[in-house]
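What follows is each chain in one-letter form.
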Amino acid sequence: MATPREGSRVVWILAIAASAALAILGAEIDGLRGLHYVFKPLTTLLILAMARRRTGGTGLYARWIGIGLVLSTAGDIFLMLPFDGFVFGLGSFLLAHLAYLWALRQRGGWWRVRWPVVVYAVVASCVLARLWPGLPNELKLPVIVYVIALAGMAAQAASVWREHPDTKTRVAAIGGAFFVASDALLALDRFSAPIPLASTFVLATYWIAQWCIARSVQVTGGGIRPATPVADPTAPAIQPAAPASALPRRAAAARSPWSRS
């Protein structure tokens, strides 16, 4: 039988998946564009609500992830508006990645594991090389800055996972990888060659990324592992409680400052 916590998790997954499906349907079918306008930002906001429900919004890590999701929602809106809001969307997501990057810094050092940096640098370079001929001159510098921030965030997530391997850091690393995949598909479709069902693939990978990053938030807030308490060898030991037969005798004596009573 599912526990209340597991049941709540399933409800959130179903709600987010249903909202995402409606947003994708609206993106792919012109006559249903209104669904896209409503459910695209709503899906990201549902992911934000899920993250806040898990933590109450407390803790430095949780707060910065929340800021990143709010900025991502702004990016969602800019990228779906009838006018070309690509630059504003790019700026919103750039700030979101910087927020995620700072959140991940709370769980580990800066890129202490080197191989993710190499892997994402190679991926970013390959994507940029493919995009470069089709990029307008005024977008080349902003896109370079954005790609560096995105690759840096994903590499930091993977580095923290390998530095402190656990469920929270692993799911954040998965989220970083899906974010790179989503943005690469979006950029290739826009500036290189059209991709069939691009909206489906871009949005599906995007929300998987955001869901994973949101799931990396825990009620422990900042995510720093608490230090194991070390016993003070100079402190007097706490004596075990006396048996019931000794209670009258102890009641007559002065109480010890180390007594549990």
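Per-chain numbering applies: the sequence of each chain, read as written, is numbered from 1 onward. Only residues with pLDDT of at least 70 are given local features in this predicted model, and only at 80 or more are side-chain atom pairs given and counted; all residues enter the totals for whole chains, interfaces and linings. Side-chain measures were taken over the full set of non-hydrogen atoms in the model, leaving aside hydrogen atoms and water.

### Focus on the overall build of the chain
- To qualify as a helix, a DSSP run of H or I must reach at least 4 residues; to qualify as a strand, a run of E must reach at least 2; elements of each kind are numbered from the N terminus. Along the chain, the regular secondary structure elements total 9 helices and 0 strands.
- Seen in sequence order, the chain has helices and strands lined up from the N terminus as α-α-α-α-α-α-α-α-α.
- Here, two residues are considered to be in contact whenever any of their heavy atoms come within 4.5 Å of each other. Taking all contacts inside the chain whose residues are at least 6 apart in sequence as the whole, residues at least 24 apart take part in 74%.

### Some remarks on the side chain of Thr43
- Locating Thr43 in the fold gives a position in helix H2 (residues 33-55).
- A residue is classified by how much of its surface remains accessible, and Thr43, at 0% relative accessible area, is buried.
- One polar contact links the side chain of Thr43 to the main-chain amide nitrogen of Ala20, over a distance of 3.3 Å.
- Those residues within four positions of Thr43 in sequence are excluded, and the remaining contacts are Ile16, Ser19, Ala20 and Trp207. Classification of residues uses two cut-offs on accessible area relative to the type maximum, computed with a 1.4 Å probe and protein chains only: under 20% is buried, over 50% is exposed, and between them is partly exposed. N or O atoms closer than or at 3.5 Å make up a polar contact, with two conditions inside protein: a donor-capable atom paired with an acceptor-capable one, and, for residues adjacent in sequence, both atoms drawn from side chains.

### Some thoughts on unusual backbone geometry
- Positioned with a positive phi, Trp111 is a non-glycine residue whose angle comes to about 45 degrees.
- Looking at the element boundaries, Trp111 is found in the loop between helix H4 (86-105) and helix H5 (115-131).
- The exposure class assigned to Trp111 is partly exposed, which follows from its relative accessible area of 26%.
- Of note, Leu197 is a non-glycine position whose phi angle comes to about 55 degrees, a positive value.
- For Leu197, the location among the structural elements is in the loop between helix H7 (167-191) and helix H8 (198-215).

### Quick word on the packing of aromatic side chains
- Stacked, edge-to-face and tilted labels apply to pairs of Phe, Tyr and Trp rings (six-membered ring for Trp) whose centres lie within 6.5 Å, assigned for plane angles under 30 degrees, over 60, and everything in between, in that order. Enumeration according to the criterion identifies 9 aromatic pairs in this entry.
- Note on Trp102 and Trp110: the rings are 6.2 Å apart at their centroids and 40 degrees apart in plane angle, and the pair reads as tilted.
- We classify Trp110 as partly exposed; its relative accessible area is 35%.
- Geometrically, the ring pair formed by Tyr206 and Trp207 is tilted, given 5.8 Å between the ring centres and 50 degrees between the ring planes.
- By the ring-pair criterion, three or more aromatic residues cluster together here, those being Phe93, Tyr100, Phe179, Tyr206 and Trp207.
- Cation over ring: Arg107 sits above Tyr61, and NZ or CZ is 3.5 Å from the ring centre.
- In this analysis the charged atom, NZ for Lys or CZ for Arg, is taken to sit over a ring once it is within 6 Å of the ring centre and within 35 degrees of the ring normal. If you follow Arg162 out to its NZ or CZ, it ends over the ring of Trp161, 4.6 Å from the centre.

### Let's talk about the confidence of the model for the chain
- pLDDT: the predictor's confidence for each residue, scored from 0 to 100. Residue-level pLDDT values for the chain average 85, and 80% of them are 70 or greater.
- Counting interchain partners and residues more than four positions distant, the pLDDT-below-50 stretch residues 244-261 has 8 contacts.

### Remarks on the packing of H4 against H7
- Running from N to C, H4 and H7 point in directions that differ by 165 degrees, and their axes come no closer than 13 Å. Compared by their axis directions, H4 and H7 come out roughly antiparallel. Crossing geometry of H4 relative to H7 is assigned as left-handed. Only Ala172, Phe179, Asp183, Arg190 and Phe191 of H7 make contact with H4, whose side of the interface consists of Phe86, Phe93, His97, Tyr100 and Leu104.
- Per-class residue counts for the contact of H4 with H7 are 7 nonpolar, 1 polar and 2 charged. Every axis corresponds to a line fitted to the C-alpha atoms, with the helix fit spanning only the stretch in contact, and the corresponding angles, defined between N-to-C directions, vary from 0 to 180 degrees. Orientation is classified from the angle alone, with under 35 degrees giving roughly parallel, over 145 giving roughly antiparallel, 65 to 115 giving roughly perpendicular, and any other angle giving oblique. Definitions for this section: a left-handed crossing has its near helix turned counterclockwise from the far helix by less than a right angle. A right-handed crossing has that turn clockwise. Three classes are used, and their members are as follows: Ala, Val, Leu, Ile, Met, Phe, Trp, Tyr, Cys and Pro are nonpolar, Asp, Glu, Lys and Arg are charged, and the others, Gly among them, are polar.

### Overview of the pattern of salt bridges
- The salt bridge definition used is simple: a Lys or Arg side-chain nitrogen within 4 Å of an Asp or Glu carboxyl oxygen. Per the counting criterion, the structure on display carries 3 salt bridges.
- Across the salt bridge formed by Arg112 and Glu163, the nearest N and O atoms sit 2.7 Å from each other. Placement of Arg112 in the loop between H4 and H5 and of Glu163 in helix H6 (residues 137-163) is noted, with a sequence separation of 51 residues between them.
- The exposure class assigned to Glu163 is partly exposed, which follows from its relative accessible area of 21%.
- A salt bridge links Asp166 to Lys168, with the shortest nitrogen-to-oxygen separation between them at 3.6 Å.

### Some words on the nonpolar core
- Ile65, Leu69, Phe179 and Trp207 are the most contacted members of the largest nonpolar core, which has 51 residues in total.
- Of all elements in the fold, only helix H1 (4-28), H2, helix H3 (60-80), H4, H5, H6, H7 and H8 reach the threshold of two or more residues within this core.
- Per-element accounting of this core gives the leading share, 11 residues, to H6.
- Discounting chain neighbours no more than four positions away, the residues touching Trp207 are Ala20, Ala23, Ile24, Lys40, Thr43, Thr44 and Ile47. The definition of a nonpolar core used throughout is a set of buried Ala, Val, Leu, Ile, Met, Phe, Trp, Tyr and Cys residues joined through side-chain atoms within 4.5 Å.

### Concerning the environment of Gly134
- Relative to the elements of secondary structure, Gly134 occurs in the loop between H5 and H6.
- Residues Gly134 and Arg190, 56 residues apart in the sequence, show an inter-C-alpha distance of 8.8 Å.

### Focus on a nonpolar patch on the surface
- The grouping of Leu22, Leu25, Ile29 and Leu32 at the surface amounts to a nonpolar patch, some 270 Å² of accessible area in total.
- Mapped onto the elements of the fold, Leu22 is located in helix H1. Patches here: salt-bridge-free residues with over 30% relative accessible area, like charges joined within 9 Å, nonpolar side chains (Val, Leu, Ile, Met, Phe, Trp, Tyr) joined within 5 Å. For every accessible area listed, the method is Shrake-Rupley and the probe measures 1.4 Å; residues are considered covered only by the protein chains on display.

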